[in-house]
Amino acid sequence: MSKEEIDILKRALAREKASRKVAEEILELKSAELWEANQKLSRAYSEVESLLSKTDSQLQGVFETIVDAYVVADINGHIIKMNQATVSLLGLKDVNDSCNLMELVKPSEYNNVYLAFNNIYKYGGSISDLLVNITTKDRRDIIVQINASVIYDNGVPIATQGIVRDITKDKEAEEYLIQSENRLSTLIRNLDSGVLLEDENRKIVLTNNKFCDLFEIPLQPDQLIGTDCSNSAEESKDMFVDSKGFINRINEIIEKRDLVVGDELKMVNGSILERDYIPVFSDSKYKGHLWSYRDVTLRRKYRQNIEAEREKYRSIIANMHLGLVELDKEERIIMANQSYLNMSGYSEEEILGKVGKDILLAKADRDMVEERMYERKKGLTNAYEIRVKNKQGELRHWLVSGAPNYNFNGEIIGSIGIIYDITEIKALHLQKENLLLKLEKSNDELQEYAHIVSHDLKSPLRSIDALLQWIKEDNKEKLDETSMQNISHIETTLEKMEQLISDVLEYSSVGSDNSQNESIDTNDLVNDLIRILYIPEHIEIEVHDKLPIVSGDRTKLQQLFQNLISNAVKFIDKPKGKIDVKLIELSEYYQFSITDNGIGIEEKYHEKIFKIFHSLNKSKDSTGIGLSLVKKIVNLHEGKIWLESEPGNGTTFYFTIKK
Amino acid sequence: MKLKFNALKTLNILLIEDDMIEVMKLKRATDSLQLNHKIIEANNGEEALQLLEKKDSLPDIILLDLNMPKINGIEFLKILKADDRLKFIPTIILTTSNNQRDLLECFKIGIAGYVLKPLKYEDYVSKIEKLLAYWSINELITV
């Protein structure tokens, strides 16, 4: 290598050395600058980092303490992050619990919610005030309001964050408000006061049925809404007695806009109204006014009516023929009407404050009355008869109807008695009873008398018969044919006489009612009778119907049938006799008939034959009492007897017996 | 017949009857029946009671009419039945009254029979015959 070359190389090296030194110096400088910058950066970064973490934790605190539920969920609805409010709202375990929000949405709303979120994922924007019905994890049905926005990562939506609020209560409150508004308007509509609400332009806002009634407006309250009222006073003024005053007063009130309570208005139809005026202000700005009208006619007249009623009853009480007495708890008289005073004979001064039973009551009735008073104190109402000595000392019979008297609290404060003087009625009653007793006695006596008379009449007959027999015995050979025949006539006459006396006695006994009513089977009775009675060979008796069971006296009914059948037998003059017994059942009676084909009875005798001693055919076995006895028996059984007859062909006797 | 009757007891009969012919009837009837009964008459209750005071000669039976003056039959009967001794004397009512009330009353007080007087004398005789025959065969309480 040449020097030159070496020198060249040496110079080159020296240049290189120098430039490297410069470069090194520059590098050194740059390096120092960089370090410094790095230091700065590092400081700045740590500042930022601490700032960030500070903000982050601040935010975290906000979320955790925020009243509303804050929740971040991925696009599928899985919760990524939430605060404590969310936990309690959704019924989760804690903030780390996992949950998919879409699962909580009610199936019916699922689609809506899905679309809403899908929309913001696609097109951006946010969801505000979305109302969703959800069922929480702990099975509560609530309504929530959702406000949400999308979180992006490099322009790609990765999650949503949102605030969820439980507005179930708000919803309820809202509904409650609507309901109560409805109630209020129903109430107003049916209020017993007429209500009219006008706005500041005197247009009707609200009115009700009663208002329409009072002002005789033939429309529904709803139809009046919006109507201008500026002229309505003029229109309805004629309904009021003071029509001019009515208008003036309304104008004056509206002018002043002051509260008015209790204006009284007299209407032409006699009603009295009371009117209130209430101006309505909102933020001290006049917004209209409320009129209310009340019909106070009844209330006004109430006192008057009470007075009138009281007067009416006072006069009834004073003038009625019944004695009225009011007693206090100690049975002292505190009020007595005029009739009571008249009945007792005492004056008001003499009797007030006295115990009625002490001064009036006959001793014998004291115990009974005390018993009744005791009952009355227990709240019983009762009626009883008492004997009373009035001031004049006369014995009077009173019918007392007593009732406990109560005060407003329902406590017994005494009693009220209504008294009817029944002395006269009582006397009549006693008289009647005495008469009945007397009648009974005289009936008895008559009965006895009939027996005695019949005995007294029968005895001589026996004596005559005995004497006749003795004459016959003692003069066996001496009496001639004629005398014997005459004696025989006397005997027959005696028998007739005996029968007559027996019949009369029987007739008089039928009336005396010692008969017993029992159920009698007339079918058996008649058939037995037919067996017992003497019925000649040529007469046939036929009972056509089943005879009924009637209520009556056996002996008498037997006598009735016996007499009628015997009669029929007796008067049959045909070679072949026929007697028919028949029955027709009527609504209240049984009608029997006994038909014969005998001699018949002329119509002029149809009445007479039932009279006593009216035998048409004088014969040995006919005393003329039989049919009158029959009639008497029928009458006793509340029936009737009559006959149809054709002289020569036969007779039908009809009689009825009450069922 | 006669033998049979004779075999029967002779009765002391007290007949209380106000009607003279009735008395005659009983006497004649017993006569014609040839009965040896002793008939004592009393025209009314008072008289009968006087007779009955003699306790040593009391009748065996009494035939009593109901309708009599002064003390009537039923009153007499009551007095009789109230007496400790006399109440044992069988008393038969002999009357024309068939009043049910009398009949009931008599049996209530206590009688030994109630015989109605028939209209016919021959019926009467027949009844008396049976009546006395019955009491003739009866054992009676004596003093």
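Residues numbered from 1 in each chain as written. Chains lettered and ligands numbered in written order. Predicted model: local features only at pLDDT ≥ 70, side-chain atom pairs only at ≥ 80, totals over all residues.

### Topic: the overall build of chain B
Within chain B, the regular secondary structure consists of six helices and five strands. Shown N-terminal to C-terminal, the secondary structure of chain B runs as helices and strands in the order α-β-α-β-α-β-α-β-α-β-α. Split into buried and exposed, the 143 residues of chain B put 34% on the buried side. Long-range pairs, those at least 24 residues apart, make up 67% of the contacts in chain B between residues at least 6 apart in sequence. (Helix = DSSP H or I, 4+ residues; strand = E, 2+ residues; numbered from the N terminus. Buried ≥ 20, exposed ≤ 12 C-beta atoms within 10 Å, placed from the backbone. Contact = placed C-beta atoms within 7 Å.)

### Focus on the overall build of chain A
A tally of helices and strands in chain A yields 18 helices and 22 strands. When each of the 659 residues of chain A is scored for burial, the buried share is 20%. Within chain A, residue pairs in contact and separated by at least 24 positions form 49% of the contacts whose partners lie at least 6 positions apart.

### A word on the nonpolar core
Core analysis: the biggest nonpolar cluster contains 32 residues, and Leu14(B), Ile16(B), Ile61(B), Ile62(B), Leu63(B), Leu64(B) and Leu77(B) have the highest contact counts within it. In terms of residues, this core owes the most to one element, helix H6 (residues 121-136) of chain B, which gives six residues. Contacts of Ile61(B), omitting those with residues within four sequence positions, involve Leu11(B), Ile13(B), Ile89(B), Pro90(B), Ile92(B) and Trp135(B). In this structure, Leu557(A), Ala568(A), Ile601(A) and Phe653(A) belong to the second largest nonpolar core, which totals 31 residues. (Core = buried A, V, L, I, M, F, W, Y, C linked by C-beta atoms within 7 Å.)

### Some remarks on helix H13 (residues 366-377) of chain A
Counted at 1.5 Å a residue, the expected span for H13(A) with its 12 residues is 16 Å, and the 16 Å between its end C-alpha atoms agrees. Immediately beyond the C-terminal end of H13(A), within one or two residues, lies Gly379(A), with a positive phi of roughly 100°. (Expected span 1.5 Å × (residues − 1).)

### Brief notes about unusual backbone geometry
Here the phi dihedral of Arg202(A) falls at roughly 60°; this positive angle occurs in a residue that is not glycine. Within the secondary structure, Arg202(A) is located in the loop between strand E6 (193-199) and strand E7 (204-207).

### A closer look at the interface of chain A and chain B
With 16 residues of chain A at the contact, the number on the chain B side is 13 residues. Mapped onto the side of chain A that touches chain B, the elements with two or more residues apiece are helix H14 (423-474) and helix H15 (481-511) of chain A. Top element by residues in the side of chain A that touches chain B is H14(A). It accounts for 13 residues. By residue class, the composition of the side of chain A that touches chain B is six nonpolar, five polar and five charged. (Nonpolar A, V, L, I, M, F, W, Y, C, P; charged D, E, K, R; others polar.)

### Here's the deal with the confidence of the model for chain B
Residues and elements named next belong to chain B. Per-residue confidence for chain B averages 87 on the pLDDT scale, and 94% of its residues sit at or above 70. Between residues 1-6, whose pLDDT stays under 50, and residues either more than four places distant or in other chains, the model counts three contacts. For this predicted complex, the interface confidence score (ipTM) comes to 0.81, while the overall pTM stands at 0.44. (pLDDT = per-residue confidence, 0-100.)

### Some remarks on the pairing of E7(A)
Summarising the sheet, E6(A) and E7(A) pair through three bridges and their orientation is antiparallel. Bridge pairing links Leu196(A) to Thr207(A) in E7(A). (Pairing = 2+ DSSP bridges.)

### Considering the sheet that holds E7(A)
All names here are of chain A. Taken in spatial order, the five strands of this open sheet run E7-E6-E10-E9-E8, and their pairing is antiparallel. Lying at the two open borders of the sheet, with one neighbouring strand each, are E7 and strand E8 (260-266). Each strand of the sheet is rotated relative to its neighbour by a mean of 20°, with strand direction disregarded. (Axes fitted to C-alpha atoms, helices over the stretch in contact; angles between N-to-C directions.)

### Notes on the pairing of strand E11 (residues 323-328) of chain A
All names here are of chain A. Burial along E11 is one-sided: the residues Gly-323, Val-325 and Leu-327 are buried and none of Leu-324, Glu-326 and Asp-328 is. Bridging between E11 and strand E15 (residues 412-421) involves six bridges; their strand directions are antiparallel. Pairing of Val-325 across the sheet is with Gly-417, part of E15. Pairing analysis gives three bridges linking E11 to strand E12 (residues 333-336), with the strands arranged antiparallel. Bridged to Leu-327 within E12 is Ile-333. If you look at the hairpin formed by E11 and E12, you'll find four residues sitting between the two strands, and Glu-331 has a positive phi there, around 65°.

### Side note on the confidence of the model for chain A
Summarising the model, chain A shows a mean pLDDT of 85, and 95% of its residues fall at 70 or more. Averaged over each element, pLDDT in chain A is lowest for helix H12 (residues 356-360) of chain A (77) and highest for strand E20 (residues 589-596) of chain A (93).

### Side note on the sheet that holds strand E2 (residues 38-42) of chain B
All names here are of chain B. Pairing is parallel in the open sheet, where five strands are placed in the order E2-E1-E3-E4-E5. Because the sheet does not close on itself, it has two edges, and the strands there are E2 and strand E5 (113-116). On average, each strand axis in the sheet is inclined to that of its neighbour by 20°, with strand direction left out of account.

### Points about the packing of helix H4 (residues 73-82) of chain B against helix H5 (residues 100-109) of chain B
All names here are of chain B. The geometry of H4 relative to H5 is characterised by a closest axis approach of 10 Å and an angle of 10° between their N-to-C directions. Between H4 and H5, the angle is such that the two are roughly parallel. Every residue of H5 that contacts H4 at Ile-74, Leu-77, Lys-78 and Lys-81 is listed here: Glu-105, Cys-106 and Ile-109. Of the residues contributing to the contact of H4 with H5, the split by class is four nonpolar, no polar and three charged. (Parallel < 35°, antiparallel > 145°, perpendicular 65-115°, else oblique.)

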